[in-house]
Amino acid sequence: MSEPLQVWIDQSLCTGDGLCVQYAPEVFEFDVDGLAYVKDGADELLTEPGARADVPAGLVQDVIASAKECPGDCIHVVRARDGVEIAGPDA
Ligand code: SF4
């Protein structure tokens, strides 16, 4: 898949288990609240609800796997172009 993708997390459903952080620590990280957030290219946590981060090309498979296996079903991987979800609870 070469289409640019973005990813966001619905923290209201995050269980804090850390699966996503293990899969792709470049994209997902815990904040002090114990919930996972996405990071932008400058390694900055995006804590606004629904904030999307770009998925680096080399991490697409890891990010999609995270969305598929996320116990909270709260990782949304979307096409950057039109926001259509390609992995996650709304895919
Ligand atoms: S895998 Fe899902 S539930 Fe687990 S920490 Fe990441 S976002 Fe939260």
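Residues numbered from 1 in each chain as written. Predicted model: local features only at pLDDT ≥ 70, side-chain atom pairs only at ≥ 80, totals over all residues. Heavy atoms only, no water.

As recorded by an unreviewed UniProt entry, the chain carries the name Ferredoxin and is attributed to Jatrophihabitans cynanchi. If you open the UniProt record of the chain and go to Cofactor (unreviewed entry), you find "[4Fe-4S] cluster". (UniProt positions renumbered as here; feature names shortened; annotations may be inferred.)

A few words now on the sheet that holds strand 5 (residues 53-54). Here four strands make up an open sheet; going across it, the order is 5-1-6-7 and the pairing antiparallel. Of all the strands in the sheet, just strand 5 and strand 7 (85-87) have a single pairing partner and so form its edges. Where strand 6 (residues 75-79) and strand 7 come together, two bridges link them in antiparallel fashion. Opposite valine 77, over in strand 7, you have alanine 87 as the bridge partner. The strands that helix 2 (residues 60-69) touches are strand 1 (5-9), strand 6 and strand 7; relative to strand 6, the one it contacts most, it runs at about 135°. (Pairing = 2+ DSSP bridges. Helix = DSSP H or I, 4+ residues; strand = E, 2+ residues; numbered from the N terminus. Contact = heavy atoms within 4.5 Å. Axes fitted to C-alpha atoms, helices over the stretch in contact; angles between N-to-C directions.)

To continue, consider the nonpolar core. Core analysis: the biggest nonpolar cluster contains 24 residues, and Val7, Phe28, Val63, Ile75 and Val77 have the highest contact counts within it. Those elements that place two or more of their residues in this core are strand 1, helix 1 (19-23), strand 3 (36-39), helix 2 and strand 6. With four residues, helix 2 is the single largest residue contributor to this core. Those residues in contact with phenylalanine 28 that lie beyond four places of it in its chain are Val7, Ile9, Cys20, Val21, Tyr37, Val38, Lys39, Val63, Ser66 and Ile75. (Core = buried A, V, L, I, M, F, W, Y, C linked by side-chain atoms within 4.5 Å. Buried < 20%, exposed > 50% of the residue type's maximum accessible area, 1.4 Å probe, protein only.)

Our focus in this paragraph is the side chain of glutamate 85. Within the element layout of this structure, glutamate 85 appears in strand 7. Comment: no salt bridge for buried glutamate 85; closest opposite-charge side chain is arginine 52, at 7.8 Å. Those residues in contact with glutamate 85, other than ones at most four positions away along the chain, are His76, Val77, Val78, Asp90 and Ala91. (Lys, Arg positive; Asp, Glu negative; His and termini not counted. Salt bridge = Lys/Arg side-chain N within 4 Å of Asp/Glu carboxyl O.)

What follows is about the site of the ligand. Near the ligand, the surroundings consist of 14 residues, among which Cys14, Thr15, Asp17, Cys20 and Cys70 are the closest. Tallied by class, residues from the shell around the ligand come to nine nonpolar, four polar and one charged. (Near = heavy atom within 4 Å. Nonpolar A, V, L, I, M, F, W, Y, C, P; charged D, E, K, R; others polar.)

Turning our eyes to something else, we now look at the pattern of salt bridges. Per the stated rule, a full pass over the model turns up five salt bridges. Aspartate 43 serves as the salt-bridge partner of lysine 39, at 3.0 Å between the closest nitrogen and oxygen. The residue arginine 81 makes a salt bridge to aspartate 82 at a minimum N-O spacing of 3.7 Å. Relative accessible area serves as the criterion here: at 38%, aspartate 82 is assigned to the partly exposed category. Within the structure, one salt-bridge network assembled from shared partners comprises Glu3, Arg79, Arg81 and Asp82.

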